[in-house]
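Report on the structure
Residues per chain are reported as follows:
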Amino acid sequence: MNHLSTRKPVLTLERIYWISVCIAVVFLFKFDDKSSRQDVLQHYNTTVNIFKVVFAILCLGAGLFVFHFYKYYLVLRYTPVSKIRSAAQGYVELHGTAKWLEGHNLQSPLMKLPCTWYRFTVEELRGFGKNRHWAIIEAGESTEHFIISDDTDQCVVDPDGADIIPTIENTWKGTSGNMTHITVEKQSFWANMLGGNYRYTESILEENHTIYAAGMFRTLGSREQENPPNANHSLETGMLLKEWKADYQNLLNKFDTNHNGKIDPDEWQEVIKAAELEIQQKYPVPEKKAAESLNVVNLLSQAGLPPGRPFTVAGVSHSAMINCYLYKTALYVFFCLAMGMIGFSLDSWYLDFLKNTRSSHAQFNNTSPHNFQIKIN
Amino acid sequence: MSIYFFVILATLVFVVGYVITLYNELVSLKNQVAKNWANIDILLKQRNSELTKLIESCQEYMKYEQATLEKIIQARNAMVTATDNKSMPAVIQAESALQGHMKQLFALAENYPDLKTHETFNLLQRRISELESSISDRRELYNESVNFNNTAIQQFPAVFIANSCHFMPLELFKVTEEEKQDVSIKAGFKP
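Residues numbered from 1 in each chain as written. Chains lettered and ligands numbered in written order. Predicted model: local features only at pLDDT ≥ 70, side-chain atom pairs only at ≥ 80, totals over all residues. Heavy atoms only, no water.

What follows concerns the confidence of the model for chain B. All names here are of chain B. When the pLDDT values of chain B are averaged, the result is 82; 90% of them are 70 or greater. Per-residue pLDDT, averaged within each element of chain B, yields its smallest value for helix 7 (residues 177-180) (53) and its largest for helix 6 (residues 158-164) (92). Scored as a whole, the predicted complex attains pTM 0.73, and scored at its interfaces, ipTM 0.72. (pLDDT = per-residue confidence, 0-100. Helix = DSSP H or I, 4+ residues; strand = E, 2+ residues; numbered from the N terminus.)

The subject of this paragraph is the interface of chain B and chain A. Facing the 48 residues of chain B at the interface are 43 residues of chain A. Summed over both sides, the interface of chain B with chain A buries roughly 4300 Å², with 63% coming from carbon and sulfur. Summed over the shared surface of chain B and chain A, the number is four salt bridges. Linking chain B with chain A are eight residue pairs in polar contact (both at pLDDT 80 or more). Broken down by secondary-structure element, the contributors of at least two residues to the side of chain B that touches chain A are helix 1 (3-61), helix 3 (88-109), helix 4 (113-116), helix 5 (119-154) and helix 7 of chain B. When residues in the side of chain B that touches chain A are grouped by element, the largest group, 17 residues, is from helix 1 of chain B. (Contact = heavy atoms within 4.5 Å. Buried area = accessible area lost by both parts, 1.4 Å probe. Salt bridge = Lys/Arg side-chain N within 4 Å of Asp/Glu carboxyl O. Polar contact = N/O pair within 3.5 Å; in protein donor to acceptor, adjacent residues only side chain to side chain.)

The two faces of a sheet get side chains in turn, since along a regular strand they alternate between them. Residue and element names in this part refer to chain A. With eight bridges joining them, strand 3 (residues 90-100) and strand 12 (residues 210-221) adopt antiparallel strand pairing. From the neighbouring strand, L94 faces strand 12, where its bridge partner is A213. The pairing of strand 12 with strand 14 (residues 312-314) spans three bridges and is classified as antiparallel. Paired with A213 across the strands is V313, a residue of strand 14. Strand direction decides the pairing type here: strand 12 and strand 13 (residues 296-301), joined by six bridges, are antiparallel. When the bridges of strand 13 are listed, R218 appears paired with L299. (Pairing = 2+ DSSP bridges.)

Further remarks concern the pattern of salt bridges. Applying the stated criterion across every chain yields a total of 14 salt bridges over all chains. Among the salt bridges present, the one from R126(A) reaches E124(A), with a minimum N-O distance of 3.1 Å. Between R127(B) and E130(B) there is a salt bridge; the shortest N-O distance is 3.8 Å. With R127(B) and E130(B) both in helix 5 and three residues apart, the pair spans about one turn of that helix.

Bringing a nonpolar patch on the surface into the picture now. Taken together, the side chains of L11(A), L13(A), I16(A), I19(A), I23(A) and F27(A) define a hydrophobic patch exposed on the protein surface, amounting to about 620 Å² of accessible area. When you line up the elements, L13(A) lands in helix 1 (residues 13-31). (Patch = residues over 30% accessible without salt bridge, like charges linked within 9 Å, V, L, I, M, F, W, Y side chains within 5 Å. Areas by Shrake-Rupley, 256 points an atom, 1.4 Å probe, with all protein chains shown as cover.)

All names here are of chain A. Looking at the secondary structure, you find D150 in the loop between strand 7 (146-149) and strand 8 (154-157). K83 provides the closest opposite charge to the buried, salt-bridge-free D150, at an N-O distance of 6.8 Å. One polar contact links the side chain of D150 to the main-chain amide nitrogen of I84, over a distance of 3.0 Å. Looking at D150, its side chain comes within polar contact range of the main-chain nitrogen of D153, at 3.0 Å. Discounting residues that sit within four places of it in the chain, D150 has contacts with S82, K83, I84, H95 and G96. (Buried < 20%, exposed > 50% of the residue type's maximum accessible area, 1.4 Å probe, protein only. Lys, Arg positive; Asp, Glu negative; His and termini not counted.)

Attention now goes to the packing of aromatic side chains. Using the criterion set out here, one finds 24 aromatic pairs over all chains in the structure. Consider the rings of Y118(A) and F120(A), whose centres lie 6.2 Å apart with planes at 40 degrees: the pair is tilted. Here Y118(A) and F120(A) have matching classes, each one buried. By the ring-pair criterion, three or more aromatic residues cluster together here, those being Y17(A), W18(A), F65(A), F69(A), Y72(A), Y325(A), Y332(A), F334(A) and F335(A). Between the NZ or CZ atom of R139(B) and the centre of the ring of F173(B), over which it lies, the distance is 5.5 Å. (Phe/Tyr/Trp six-rings, centres within 6.5 Å; stacked < 30°, edge-to-face > 60°. Lys NZ or Arg CZ within 6 Å of the ring centre and 35° of its normal.)

With that settled, the discussion passes to the side chain of T312(A). Residues and elements named next belong to chain A. Inspection of the secondary structure puts T312 in strand 14. A polar atom in the side chain of T312 sits 2.9 Å from the side chain of Y325. Those residues in contact with T312, other than ones at most four positions away along the chain, are L76, D163, I165, Y212, A213, A214, M321 and Y325.

What follows is the structure, given as structure tokens:
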């Protein structure tokens, strides 16, 4: 087992949004730092206006995410699950077991667990005092294809661009930054809080775990040459059925499951299946390898995904998957309101600032904006 | 602008956005049902085409089973008419009859060893069987999407949008057990 194809995590719009929120909030608190008040007093009004614009954009961004994720929630909630065998070309939702592609046995780089997909981060604690922070020294996510298999067929999943909800997500601390020396130890709460200078985070989709996948489904290749029927088997099955039909009472005893004294069409299908099975067991045919017999490949990917539809692979239950988007919607509603309120409260913040400044700085009247006197009185 | 103004504005935006999203979702659901029906329709047409070939190959061997073959032809024609007219009750009735007659045909075919070894017959039988499985899966999918649609338009607050915009509940594609059992395969058990 190995970890084959890895790439750096992609910078999505959502991540850009969160980075922007962090930067804006950090700058806001630095701006309110009383020690620098004297220096910034000259540009306070302009800076407040810049902050207003920044928070208005962040509020608007969160508002757009609200509708984006609510749309995803509705789409996943109301998309029926298809069987892979008969899935139509286009946007589908599948339910099955995650498996490796032949020869692509994947192992997560940190926890060393067999998996079909992983994402990891290794961070190092750097700096001192106020500047102490976690810096990412290694990060990556798997781009290896894997298979989703249900009781009818299987489909290759290309995880590129997928929103993946993992089956296992783990964060722990250690003392090594070297990927090969990282071990997973069960840590107590305090050991984890005070532990080493390295923090490891890993999310994986376990192999053989039940998953849901929603994305664009395409069938590549042709079914024409697949598994031609065996003429000898058909003949033998026909002969056996003829033999069974001669003893109608025996057939009734074995297959008349609803005891209505006759073989119904559904019961007859069972008779045929039983005869075929008996002939197959009597004259076994060597099974062709899946790769040889299948010249058809089902592929689930992001390619051609219509707007407003998520490409999601989730190692959790269906309700947990859709709730994930509902919680995200709620989170962005909160942030939309929070960003808007901060933006709108900047005016009163500004007045408070000026009030405090008047009591401690004599030169205040020369630097305040033109309407200041009216406002604070 | 006060903070109260912002709260009122934000609430208004969310309510309007919510209504628009809900309306769009109801439209998507209706179109999803139509798409799922179209996907069944394709398979029904493919099966009709395969059935024509199957009947042709059977007529050569099953000269004494003209009545059964006639019934299949009638059921197939009824199915073509029903799908063309997009009439769900007629489709359900034709599908039930066709399924029953086909099972009867395959049961009768066991009496003709020459036919059972005929390569074209085997291929067609297998192909029809595959199509049947696919139709069955897609019927399940169609019914699920109809169920989603019907549930969505009856839920609060979507029910107000559905009523004012005339989103109607749709009919399930359900073949009843009683209809299936109308067909007897007793004829296949000739001494």
